[in-house]
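# Secondary and tertiary structure notes
Spelled out from the first residue to the last, the chains are:
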Amino acid sequence: MSSNSRSSTLELSARPERQGKDVTLSGIRKAYKNVVALPDISLGVERGEFCTLLGASGSGKTTLLKIIAGFEAPDAGRVYIAGRDVTRMPIAERNIGMVFQNYALFPHMSVFDNVAFALRMRRLNHDDIRRRVGEALELVSMGALGERLPRELSGGQQQRVALARALVFTPDILLMDEPLGALDKNLRQAIQLQLKKLHHDLGLTVVFVTHDQDEAMNLSDRIVIMDQGRIVQSGAPEALYRAPGSAFVAGFLGECNFIDGTGRTLAVRPENVRLGAQLDADDVRHEGRVLASTFCGLHWKVFIASLGKTVVAYAPAGIAGAERTPGQPVAWGFRAADVMEFASA
């Protein structure tokens, strides 16, 4: 058996440090005519890291992903994979797996042939192709459906096939551009769990693009928040949520209430807002009126008119009816220790 045939996807799962490679972007600039999409981006993604580029439409995250993949060339700056300059290297030579929102499967090919395509392009022998495709399909729970055509699959199954196709040739980096956006909530959660397991088991380096905050929080080792072509802040999900560096980050990553202070903007997360009987004597206290409330299972989401704006509170499921009934006056507040402060814009 050749050394190539021994380096199977399943064998790599026992040695996760073998698969992923680090990525470094240095001084990346990209403009389209008079529109500067990326003015000057530098970013390092560690070997085996799940790094999510999070931002609104037009923030530059997909452009950055395309530059890593080689679909776009930067106007300035360099792209390195495992220390090797790949800035001008053709896509086919970068050993990068890609998964898109629209799956991009060949409609006339079976599931097996879709996954085998990259291996055939690399001229692997028939036995290696069959074994590695089988392993890749088993990894994504699609082993029994190899003979089906894409049109015979659900959206979630098609996305699993796209993932198997990206993994089958043991890529150095897995790039994913809004891959779960077209799926319903339950399917999205199921594939998120599968992605987390694959990332852990295979030691993948993943660069993942999304505008979905919950998705970014669920999947990432590190989130890179982008706005207008720039990196605003990056860090572990919990660190970004609990200690955002700006009011923009606080408002973008999760819900947040903003209160004008003297030369400062105060911010309080809804889970730290207390209502009525919950308030302690030393809490910061305000008065308001309930606008609406929504039962969310573990808590009530209560909207309060106060201080000239709408304040959101996550109240316990057992909160008194008078404190969540629309039209009723309600006291609300928070502990001073739960306040985040930012410079006013």
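My aim in this report is to walk through the structure given alongside it, one point at a time. (Residues numbered from 1 in each chain as written. Predicted model: local features only at pLDDT ≥ 70, side-chain atom pairs only at ≥ 80, totals over all residues. Heavy atoms only, no water.)

## Here's the deal with the nonpolar core
- Core analysis: the largest hydrophobic core is formed by 39 residues, its most contacted members being Val115, Val133, Leu163, Leu174, Met176, Leu195 and Leu198.
- Elements that contribute at least two residues to this core include exactly α4 (111–121), α5 (126–139), α6 (155–167), β7 (173–177), α7 (185–202) and β8 (206–210).
- Leaving out residues up to four positions away in the same chain, Met176 has contacts with Leu65, Val99, Leu163, Leu195, Val206, Val207, Phe208 and Val209.
- In terms of nonpolar packing, the next biggest core, distinct from the first, is built from 27 residues, Val79, Met89, Ile96 and Val207 among them. (Core = buried A, V, L, I, M, F, W, Y, C linked by side-chain atoms within 4.5 Å. Buried < 20%, exposed > 50% of the residue type's maximum accessible area, 1.4 Å probe, protein only. Helix = DSSP H or I, 4+ residues; strand = E, 2+ residues; numbered from the N terminus. Contact = heavy atoms within 4.5 Å.)

## Some thoughts on the packing of α6 against α7
- At a minimum axis separation of 11 Å, α6 and α7 run at an interaxial angle of 15°. What the angle tells us is that α6 and α7 run roughly parallel. Read as a crossing pair, α6 and α7 show a hand that is right-handed. Residues Gly156, Gln159, Arg160, Leu163 and Leu167 of α6 form the contact with α7, whose own contacting residues are Leu187, Ala190, Ile191, Gln194, Leu195, Leu198 and Leu202. (Axes fitted to C-alpha atoms, helices over the stretch in contact; angles between N-to-C directions. Parallel < 35°, antiparallel > 145°, perpendicular 65-115°, else oblique. Left-handed = near helix turned anticlockwise from the far one by under 90°.)

## Comments concerning the pattern of salt bridges
- In total, this model carries 16 salt bridges according to the counting rule given.
- Across the salt bridge formed by Asp338 and Arg335, the nearest N and O atoms sit 3.0 Å from each other.
- The buried category is assigned to Asp338, whose relative accessible area is 16%.
- What makes Arg335 partly exposed here is its relative accessible area of 41%.
- Each of Lys30, Glu72 and Asp75 takes part in a single network of salt bridges with overlapping partners. (Salt bridge = Lys/Arg side-chain N within 4 Å of Asp/Glu carboxyl O.)

## Brief notes about the sheet that holds strand β12 (residues 264–268)
- Pairing in this open sheet of 3 strands is antiparallel, and the strands run β11-β12-β18 from one edge to the other. The open sheet terminates on both sides in strands that have one partner only, identified here as β11 (257–260) and β18 (340–343). Strand-to-strand twist in this sheet, taken as the mean axis angle between neighbours without regard to direction, amounts to 30°.
- As defined by bridge partners, β12 adjoins β18 across 4 bridges and the pair is classed as antiparallel. When the sheet's bridge partners are listed, Leu266 is paired in β18 with Glu341. (Pairing = 2+ DSSP bridges.)

## As for unusual backbone geometry
- Unlike most non-glycine residues, Ala82 shows phi in positive territory, near 55°.
- Turning to its location among the elements, Ala82 is positioned in the loop between β4 (76–81) and β5 (84–85).
- When its relative accessible area of 43% is taken as the criterion, Ala82 is described as partly exposed.
- Here the phi dihedral of Arg123 falls at roughly 60°; this positive angle occurs in a residue that is not glycine.

## Some points on the side chain of Arg222
- Position of Arg222 among the secondary structure elements: in strand β9 (residues 222–227).
- The contacts of Arg222, once residues within four sequence positions are left out, are Leu43, Gly44, Val45, Glu49, Phe50, Cys51, Thr52, Ser234, Gly235 and Ala236.

## Thoughts on the packing of aromatic side chains
- Under the criterion given, the structure shown has 6 aromatic pairs.
- Taking the centre distance of 5.7 Å and the plane angle of 15° together, the rings of Phe248 and Phe252 count as stacked. Here Phe248 and its partner Phe252 are both found in helix α10 (residues 247–252), 4 residues apart, which amounts to about one turn of the helix.
- The exposure class assigned to Phe248 is partly exposed, which follows from its relative accessible area of 33%.
- Take Phe252: its relative accessible area is 15%, and that puts it in the buried class.
- Taking the centre distance of 5.2 Å and the plane angle of 55° together, the rings of Phe295 and Trp300 count as tilted.
- Above the plane of the ring of Phe169 lies Arg122, whose end atom (NZ or CZ) is 4.1 Å from the centre. (Phe/Tyr/Trp six-rings, centres within 6.5 Å; stacked < 30°, edge-to-face > 60°. Lys NZ or Arg CZ within 6 Å of the ring centre and 35° of its normal.)

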